[in-house]
Each structure stands twice: as C-alpha cells, then as structure tokens.
Amino acid sequence: MHVVVNAAVSADGKLSTRRHEQVRISGPDDFDRVDRLRAESDAVLVGVGTVLADDPHLTLDDPDRRANRERRGEEPTPARVVVDSTGRTPTDARILDDAATTYVLAAEAIADERRAALESAGAEVLVAGEERVALAAALDALEDEGIEALMVEGGGEIIFSLFEAGLVDELSVYVGSLLIGGRDAPTLADGEGFVESFPSLSLRDVSRIDDGVLLRYDVGTE
Ligand SMILES: NC(=O)c1ccc[n+]([C@@H]2O[C@H](COP(=O)([O-])OP(=O)(O)OC[C@H]3O[C@@H](n4cnc5c(N)ncnc54)[C@H](OP(=O)(O)O)[C@@H]3O)[C@@H](O)[C@H]2O)c1
Ligand SMILES: Nc1nc(=O)c(N)c(NC[C@H](O)[C@H](O)[C@H](O)COP(=O)(O)O)[nH]1
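Quick caveat: nothing in here was measured; it's all calculated off a predicted structure.

Moving on to the UniProt feature "domain: Bacterial bifunctional deaminase-reductase C-terminal" (unreviewed entry) in the protein. The residues that UniProt annotates with the feature "domain: Bacterial bifunctional deaminase-reductase C-terminal" (unreviewed entry) are residues 2-215. Segment residues 2-215 splits into 26% helix and 24% strand. End C-alpha atoms: 19 Å apart.

Attention now moves to the site of ligand 2. Around ligand 2, a shell composed of 18 residues is seen, among which Val23, Ile25, Ser26, Asp54 and Leu58 lie nearest. Measuring from a nitrogen atom of ligand 2, one finds a side-chain N or O atom of Ser26 at 2.7 Å. In the model, an oxygen atom of ligand 2 is placed 2.8 Å from a nitrogen or oxygen of the Asp54 side chain. Protein chains shield 84% of the accessible area of ligand 2, which is 520 Å² for the free molecule. Of all the secondary-structure elements, those providing two or more residues to the shell around ligand 2 are β1 (2-9), α1 (28-39) and α2 (48-54). The greatest single-element share of the shell around ligand 2, amounting to 3 residues, is contributed by α1. Residue composition of the shell around ligand 2, grouped by class: 7 nonpolar, 6 polar and 5 charged.

The next subject is the site of ligand 1. Among the 27 residues in the neighbourhood of ligand 1, the closest are listed as Ser16, Thr50, Asp54, Ser85 and Ser161. At 3.1 Å from an oxygen atom of ligand 1 is found a main-chain nitrogen or oxygen belonging to Gly49. The separation between a nitrogen atom of ligand 1 and a polar main-chain atom of Val133 is 3.0 Å. Its free accessible area being 930 Å², ligand 1 has 87% of it covered by the protein chains.

This part takes up α1. In this model α1 runs 17 Å from its N-terminal to its C-terminal C-alpha over 12 residues, within 8% of the 16 Å that 1.5 Å per residue would give. Considered for burial, the residues of α1 that qualify are Asp30, Arg33, Val34, Asp35, Leu37, Arg38 and Ala39.

Looking now at the sheet that holds β1. The strand order across the open sheet formed by 9 strands is β5-β4-β3-β2-β6-β1-β7-β9-β8, and the pairing between neighbours is mixed. Edge positions in the sheet fall to β5 (124-127) and β8 (201-209), since each of these pairs with one other strand and no more. Across the sheet, the axes of successive neighbouring strands diverge by a mean angle of 20°, strand direction being ignored. Sitting on the sheet, α1 touches β1, β2 (43-47), β6 (149-154), β7 (170-175), β8 and β9 (212-219), and the angle it makes with β6 is about 145°. Across the sheet, helix α5 (residues 135-144) touches β1, β3 (79-83), β4 (102-106), β5 and β6, and the angle it forms with β4 is around 150°.

Cut-offs and rules
Residue numbers restart at each chain and count upward from 1, following the sequence in its written direction. Chain A is the first chain written and ligand 1 is the first ligand written, with later ones labelled in order. Where totals are concerned, whole chains, interfaces and linings use all residues; where local detail is concerned, this predicted model gives features only for residues with pLDDT of at least 70, and gives and counts side-chain atom pairs only at 80 or more. Processing note: side-chain calculations cover all non-hydrogen atoms of the structure and skip hydrogens and water entirely. UniProt positions are given in the numbering used here, feature names are shortened, and annotations may be inferred rather than shown by experiment. Each helix corresponds to a stretch of at least 4 residues labelled H or I by DSSP, and each strand to a stretch of at least 2 residues labelled E; elements are numbered beginning at the N terminus. Here a residue is considered near a molecule or strand provided that any single heavy atom belonging to it is located within 4 Å of it. Pairs of N or O atoms within 3.5 Å make up the polar contacts considered here, provided that, within protein, one atom can donate a hydrogen while the other can accept it, and that residues adjacent in sequence are counted only when both atoms are side-chain atoms. Only the protein chains shown count as cover for residues, with accessible areas throughout obtained via the Shrake-Rupley method and a probe of 1.4 Å. Asp, Glu, Lys and Arg are counted as charged, while Ala, Val, Leu, Ile, Met, Phe, Trp, Tyr, Cys and Pro are counted as nonpolar; the rest, among them Gly, fall into the polar class. Expected helix span is given by 1.5 Å per residue-to-residue step, counting one fewer step than there are residues. Burial here depends on accessible area, computed with a 1.4 Å probe over protein chains only, as a share of the maximum for the residue type. Under 20% is buried, over 50% is exposed, and the range in between is partly exposed. Think of it this way: DSSP has to see at least two bridges between two strands before they count as a pair. To get an axis, a line is fitted to the C-alpha atoms, and for a helix only the part in contact is used. The angle between two axes follows their N-to-C directions and goes from 0 to 180 degrees. Here, two residues are considered to be in contact whenever any of their heavy atoms come within 4.5 Å of each other.

This is the structure in structure tokens:
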C-alpha cells in the first residue's frame, strides 16, 4: 500500500482552532489539487475526531474526474475510511451516505450495537486491535479489500500514529498565510510526539499555490 498524507496548516502549524472548529486554510487552487489527489486514490482516510469536528463528505467535486475514474473501470468516487475504535461516528454523518463505499476501522472494544448501527447505516466495519485501532493490521485489511493508494487527510492524532507506525510514504503540507495560535489547537502531528529518532523527511519540492506554499516530502525509512 502507498500512503500519502495531505493536510493544510496555518503559518504557525495549526490544523484548526483550539475549539477544533474547521478553518478554510486552503484556497480554491489548493482545494482543487486536493480533489485531484482524491481522484488518484483508491480511498481517503480520516480519524473520527475529524468526522465529529467537520462532518466531512470526502467525495470528488469535479465531475470530469468522476467520469475519468469510471472510464478506468473504477468507482466514480474513491472509498472513504474512518478510524474509529468504538464507533463514535454518528449514523447520520455525511461520510456514511451512499455517495461512496465507507469503511469504519474499529477495535474489538466496539460494542455490538454500535457496530450493527454503523453497518445498517451502510458502513463496512473492519476490526483490528483491542482497545484502539491497530493501524498496520487495519491497513492490511484495507489492502485485502483492494485498496493500494491511500490518501490521509488527518487529523493530527491519526497523522502522528501513522508516522509512529512507519506507515507513511509521502507527506504534502499546504501552509496557508494565516496565524491560528493556541497551545490547544491541533497541529499536523499531535499524539505523544517524538522525542528521538524523528521520522526523516526529504523535501521533494516547494511550490506557491493561492496565497500559500505547498511542501512535498518523501518519507524515509531510516
Ligand atoms: N487543516 C487540515 O488539513 C485538517 C485535516 C483534518 C482535520 N483537521 C482538523 O483536525 C481536528 C481533528 O483532529 P484530531 O487529531 O482531533 O482527530 P483525528 O486525528 O481525526 O481522530 C483522532 C481519533 O481517532 C481515533 N483513533 C483510533 N485509533 C487510533 C490510533 N491508532 N491513533 C490515533 N487515533 C486513533 C481516536 O478516537 P477513538 O479512540 O474513539 O477511536 C482519536 O481520538 C479537527 O479540528 C479538524 O477540523 C484539519
Ligand atoms: N486540504 C485542506 N485544506 C483546508 O483548509 C482544510 N480545512 C482541510 N480540512 C480537511 C478535512 O478533512 C475536511 O474535513 C475535509 O476537507 C472536508 O472535506 P469535504 O469538503 O467535506 O469533502 N483540508
């Protein structure tokens, strides 16, 4: 599986406000780039924290991209994936509508009734891990479903855990020209944080988009 993490941060590295409210950091051209990246992926993944904060849809805006996928014999919209140990995703979440296949990566700790509620809302629940989702095993389960190109859109907890597990191949960070501030505002990689042997990134390119900068990195294994 090839894993690409894509997110937008403010100039001070924040993903959103201290209230975890969604902030439009990207401009129109960067959102179009995100739409293109989604169209090139087999699935788009977020954590349940992002679902609860943003209620994202995670589908394709551009009808030509949907048509191109169909011409390639693919689903018009990539699958959607939410990492959600105990099934906190509301059953009326937009990510569960019938616009695309949706996988919920859960842990054994999920209660039967929550699993049943999500399945009857249309999700395919894949279980990996006891209390929390074991990401390496969960991605293996997604690979068994035919998912090879995975795009991760956040948030900070999921991004940290994917790096910690050594599962990320590429990182794209759009830095917008605004300051959000706040010691409790989510950042690109939260979690416990690294204190030694930091994941090594090699800068592939830098480009200006809208009023911000896109940084693209290859993630090393050493
Ligand atoms: N600017 C951007 O590009 C961007 C992108 C995405 C999100 N955001 C913002 O980021 C915020 C949400 O980020 P977040 O960090 O709070 O949430 P998140 O990373 O989306 O989801 C974190 C949750 O995932 C679940 N999880 C299950 N297994 C996990 C594992 N192995 N490692 C880590 N998490 C695991 C945990 O909940 P359980 O224990 O209940 O499973 C955890 O609380 C929102 O404010 C959103 O607006 C911004
Ligand atoms: N690239 C990017 N720039 C931003 O300024 C921003 N706020 C996000 N946020 C990502 C987060 O995952 C959002 O929840 C989805 O971008 C919403 O996706 P929809 O439009 O509902 O498909 N992502």
